[in-house]
Structures are given as structure tokens and as C-alpha cells.
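# Understanding the architecture of this molecule
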Amino acid sequence: MNKMTYIETAESELLHTYNRFPLVLDHGDGVYLYDTDGKKYLDFAAGIAVQALGYSNSEYKEALKAQIDKLMHTSNLYYNVPAISAAKRLLKVSGMDRVFFTNSGTEAIEGAIKAAKKYAYTREKEAGHEIIAMEHSFHGRSLGALAVTGNAHYREPFGPLMPGVKFAEFNNLESVKALITDKTCAILFETIQGEGGIYPATKEFMKGVRELCDKHDILLILDEIQCGMGRTGEMFAWQEYGVKPDIMTSAKALGCGVPIGAFLMTEKVAEKSLTPGDHGTTYGGNPFVCAAADKVLEIMERENVTAHVKEVAVYLEERLNACVEKFDFLTERRGVGLMQGLVCEKPVLPIVKAALEKGLIIITAGSNVIRMVPPLIIEKEHVDEMIAILEEVLSVQ
Ligand SMILES: *Cc1c(COP(=O)(O)O)cnc(C)c1O
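Now for a look at the structure at hand.

What counts and what doesn't
- Residues numbered from 1 in each chain as written.
- Predicted model: local features only at pLDDT ≥ 70, side-chain atom pairs only at ≥ 80, totals over all residues.
- Heavy atoms only, no water.
- Helix = DSSP H or I, 4+ residues; strand = E, 2+ residues; numbered from the N terminus.
- Rg over C-alpha atoms; globule rule 2.2 N^0.38 Å.
- Buried < 20%, exposed > 50% of the residue type's maximum accessible area, 1.4 Å probe, protein only.
- Areas by Shrake-Rupley, 256 points an atom, 1.4 Å probe, with all protein chains shown as cover.
- Pairing = 2+ DSSP bridges.
- Axes fitted to C-alpha atoms, helices over the stretch in contact; angles between N-to-C directions.
- Contact = heavy atoms within 4.5 Å.
- Lys, Arg positive; Asp, Glu negative; His and termini not counted.
- Salt bridge = Lys/Arg side-chain N within 4 Å of Asp/Glu carboxyl O.
- Polar contact = N/O pair within 3.5 Å; in protein donor to acceptor, adjacent residues only side chain to side chain.
- Near = heavy atom within 4 Å.
- 1 Å grid on protein atoms, 1.4 Å probe; cavity = no way out; pocket = protein on both sides within 12 Å on 5 of 7 lines; lining within 4 Å.
- Points joined across faces, edges and corners; volume = space filled by probe spheres on them.
- Nonpolar A, V, L, I, M, F, W, Y, C, P; charged D, E, K, R; others polar.
- Phe/Tyr/Trp six-rings, centres within 6.5 Å; stacked < 30°, edge-to-face > 60°.
- Lys NZ or Arg CZ within 6 Å of the ring centre and 35° of its normal.

Right, let's talk about the overall build of the protein chain for a bit. Secondary structure summary: the protein chain contains 14 helices and 17 strands in total. Computed over the C-alpha atoms, the radius of gyration of the protein chain is 21 Å, within 12% of the 21 Å expected from 2.2 N^0.38 for a compact globule of 397 residues. By principal-axis analysis of the C-alpha atoms, the protein chain measures approximately 60 × 55 × 45 Å. For the protein chain, with 397 residues in total, the buried portion stands at 52%. Total accessible area on the protein chain stands at roughly 17900 Å², and carbon and sulfur atoms take up 54% of it.

Turning our attention to the sheet that holds strand β16 (residues 363-365). The strand order across the open sheet built from four strands is β13-β14-β17-β16, with neighbouring strands paired in antiparallel fashion. Unpaired on one side and paired on the other, β13 (330-336) and β16 mark the two borders of the sheet. Within this sheet the neighbouring strands show an average axis-to-axis angle of 30°, counted without direction. In this structure, strand β14 (residues 339-344) lies alongside strand β17 (residues 369-372), joined through four bridges in antiparallel fashion. Its bridge partner lying in β17, Val343 is registered against Val369. The sheet strands contacting helix α12 (residues 305-326) are β13, β14 and β17, and the helix crosses β13 at an angle near 165°.

Now for the side chain of Asp43. When you line up the elements, Asp43 lands in strand β3 (residues 40-43). One buried charged side chain, Asp43, makes no salt bridge at all; its nearest oppositely charged neighbour is Arg231, positioned 8.8 Å away. Within the structure, the side chain of Asp43 is placed 2.8 Å from the backbone nitrogen of Ala45, a separation counted as a polar contact. Sequence-distant contacts of Asp43, defined by excluding residues within four places in its chain, comprise Val31, Leu33, Tyr55, Ile361, Pro374 and Pro375.

On to the site of the ligand, then. Surveying the vicinity of the ligand reveals the residues Ser104, Gly105, Thr106, Phe138, His139, Gly140, Glu190, Asp223, Ile225, Gln226 and Lys252. The separation between an oxygen atom of the ligand and a polar main-chain atom of Gly105 is 2.8 Å. A distance of 2.8 Å separates an oxygen atom of the ligand from a polar side-chain atom of Gln226. Protein burial of the ligand: of its 380 Å² of free accessible surface, 81% is covered by the chains.

All right, on to the layout of surface pockets then. Taken as a whole, the second largest pocket spans an internal volume of roughly 850 Å³. If you go around the second largest pocket, you meet 26 residues; those closest to its centre are Asn76, Arg98, Val99, Phe100 and Phe101. Contributions of two or more residues to the lining of the second largest pocket are made by α4 (81-94), β4 (98-102) and β12 (261-265). A class-by-class count of the residues in the lining of the second largest pocket yields 15 nonpolar, nine polar and two charged.

What follows is about the packing of aromatic side chains. Per the counting criterion, the structure on display carries six aromatic pairs. Taking 5.9 Å as the distance between ring centres and 80° as the angle between the ring planes, the aromatic pair formed by Phe138 and Tyr154 counts as edge-to-face. Of the two residues, Phe138 sits in the loop between β5 (130-134) and α6 (143-147) while Tyr154 sits in helix α7 (residues 152-155), which places them 16 residues apart along the sequence. In this structure an aromatic cluster arises from ring pairing among Phe170, Phe189 and Phe205. A cation over a ring is seen here: Lys40 above Tyr32, with NZ or CZ 4.2 Å from the ring centre.

Looking at where Glu59 falls in the secondary structure, it is placed in helix α3 (residues 58-70). Residue class for Glu59 comes out partly exposed when judged on its relative accessible area of 26%. Here the alpha-carbon distance between Glu59 and Tyr32, two residues 27 residues apart in the chain, equals 18 Å. The residues contacting Glu59, other than those within four sequence positions of it, are Lys295, Glu298, Ile299 and Arg302. A polar contact is formed between the side chain of Glu59 and the side chain of Lys295, at a distance of 3.0 Å.

This paragraph deals with the side chain of Thr232. By the secondary structure assignment, Thr232 is in the loop between β10 (219-223) and β11 (247-250). Those residues in contact with Thr232, other than ones at most four positions away along the chain, are Ile192, Cys227, Ala237, Val309, Val336 and Gly337.

A few words on the pattern of salt bridges. With the rule as written, the count across this model stands at 26 salt bridges. As a salt-bridge pair, Asp294 and Arg89 come within 2.7 Å of each other at their nearest N and O atoms. Note that Asp294 is positioned in helix α11 (residues 287-302) and Arg89 in helix α4, a separation of 205 residues in sequence. We classify Asp294 as buried; its relative accessible area is 13%. In this structure, the salt-bridge partner of Glu303 is Arg302, at a minimum N-O distance of 3.0 Å. By relative accessible area, Glu303 is classed as partly exposed at 48%.

Structure representation (C-alpha cells):
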């Protein structure tokens, strides 16, 4: 089939919930993707921060093939070895004490919310607790995650959503303080807001919220689904801040392509939180997806991916800063490590489309930010290649 036939067929079959770019992707290798016509693309999106190890990593593929031959699924009525191994590695790199594996990011958020509510319920023997989330946040599309997502457009059609959620202004400690009541059980935010436009939490905000949480026995939940797994040069972005969350979420790059997420907590929370009967999933943490996460974590640790990210990110930032200098309509570079945004005074969608034409995959965050979340294995030469195409595209805007 040719590309247009694929696209027309897809549009007649699949529910129209995405305005997809006209690309039919076929295979990938390293930091490059190839479409069904054989056209090559340099990928600075990584399937939205998922393909941290790039494409077609042979060690990863071998581990998955071996697990397919052994065992795919068991249900959570029994134990399985890959889940035990993946959990051990994840707890080690996160410094958390307990983990629950989910199938996606949004389910990790659902679990984190339930864990926080149960913790408060255990303490007070009554329900009805509140959560403080942030404006312009993104936590997923299921109804609980939607309820804490600070984007009215996403939420509007689906109300009434879970009650008891209040939205503060991100990085404004006073606005958080003003919303705290004796019913508040958790404060939730992304360490670096992703969809909202690549806004890192400030150190003052992070420390301030942690202090508020300690003072009022409120749980701090950090969403590390996009910014975690080595992307910032730390395994988890919060590790740079000198504070620790009580609950955190992971997904996206955790499986590098297989659907797995997780919510993790400290022992202090676990002791008073979810117990048998409170939460569950059929697929979650099955041997296949856990073999993937286990291998991803093994490779990241052995190859010291965070050190590589730190190094290449300095160069990426330098080159992006130069772009901001060069083009008047670029006002700012924002981000940490290999999670970067270019703030643009023009609409960014035409820029992203023009880049695709020229063989560069970049994405948007909000309506005016160009987002780059490349595979963590990129080298300086890939940064140069990206900048060359980007400048070519920006020159004709
Ligand atoms: C992608 C994302 C989610 C949702 O993850 P899904 O796997 O799409 O459900 C939640 N939070 C953040 C910060 C994300 O980037």
C-alpha cells in the first residue's frame, strides 16, 4: 500500500481522537526512524519521551524475545521473577521503598491518588480528602488523572469529575498555601511540566511545598512520567532538588516501548495505604513488560546514561541558546537535560510540519513551544544535524 492509502484507511477505521501528522512509520534504528516509503527521520521526540534507548537496541530486543519464549503473563495472583527484579532496580535508583506496576502513566496517577486518599483515610478514619494540583499540568486521560489535570479544555466535556481537587499556580508557593485546608491529603505536580510547556519546578517552590507537606502531614506526589528515567541527567528529576516525594509516578521511558508504568512510595506511606482488595490490575507488572523495564534499568545503570545525558545536554543547550539569539521570534529556551523547549512568538505547528518535511521529528508543548525529548543516546553529531535542519526551517518562517 502507498502512504496515502494507509492514511485514508486509518482515518476510516480509527476513532478520530488524534490529528496525526501524515507519517506512516515503519521501523527505527538508533536515533532514526524510517517511514513506509523509506524516508529517514532524525527523531527528537522519541515517541513522546518513551524511546530513551533509541530504536532497535539489540540487548533490549534479545531480552524481550527470550521472555516471549518463556512466559508472557501470569496475573497478579502469583509472583513472577522479572517483576521482582525490575522492582529491585527501580527502588534502588529512585530511593523509594515500594512499587506497584501499572500499564500506563495515567494508571500510575490513578494509583498515586488512591494511595494518598487511603493514607489520609487510615489516619482519620474518614474519607472526603482534597488534592491540590497545578494549573497547566498534565497527568493523563482517565477520569481521576483528568480531574487533577489543569487544562479546562481537556476536562470540560467530562464533568462532573472527581471532587475535592483545587488548582494552584505552578511555582507560586503562596497560591498553594492559600488552598491548604485540614482536608488536604496531597499536593501533586510534575517536577518539570511537560505538555504545559516545559516548565521546571523552581528549587524554592519544591523546597517550600515539601516544608508545607511536612508541617501539615500532607503527601507530596511528584509526576515523573515524562521527566524521569534519566532524561534530566538524574534518574528522576526530583533528585536534583534535595527533597524527596512521598509518592512518585513513572511510565513512558520505563519500558522503552512496552506499556508499563509505576507508582512508588515510601514505607511510611505504604504502611498506612493500599492493602489487599484496595487496588489491582490484570496485566500490570506482567513478566513481559517487567522484563523490558528490568533490561532498560540494567542498561541505563551499566552504561551510566545519566552522565551521558549531562554531557550531551550541555551542548544541546548551547546550540539551542544560539538559535534563540539568532531568531527574533524565539524568546526563550527552557528545560533541563534532554527535555527542552523553545518558546516561540509564532505558532509552532507549521514549524513542526516543515521540520518533518525535512526529515526531523520534533513536537509541540502547548501552542507556542517547540518540544525536544530525544532518545537519551543522542550524540553531539545528532545535535548538529538537528540544529542544521531546524535553522533551515526557522529561516523561512
Ligand atoms: C504522558 C504523561 C502522562 C500520561 O501517561 P499515559 O501513559 O499517556 O497515560 C501523565 N503525566 C505526564 C507528566 C505525562 O507526560
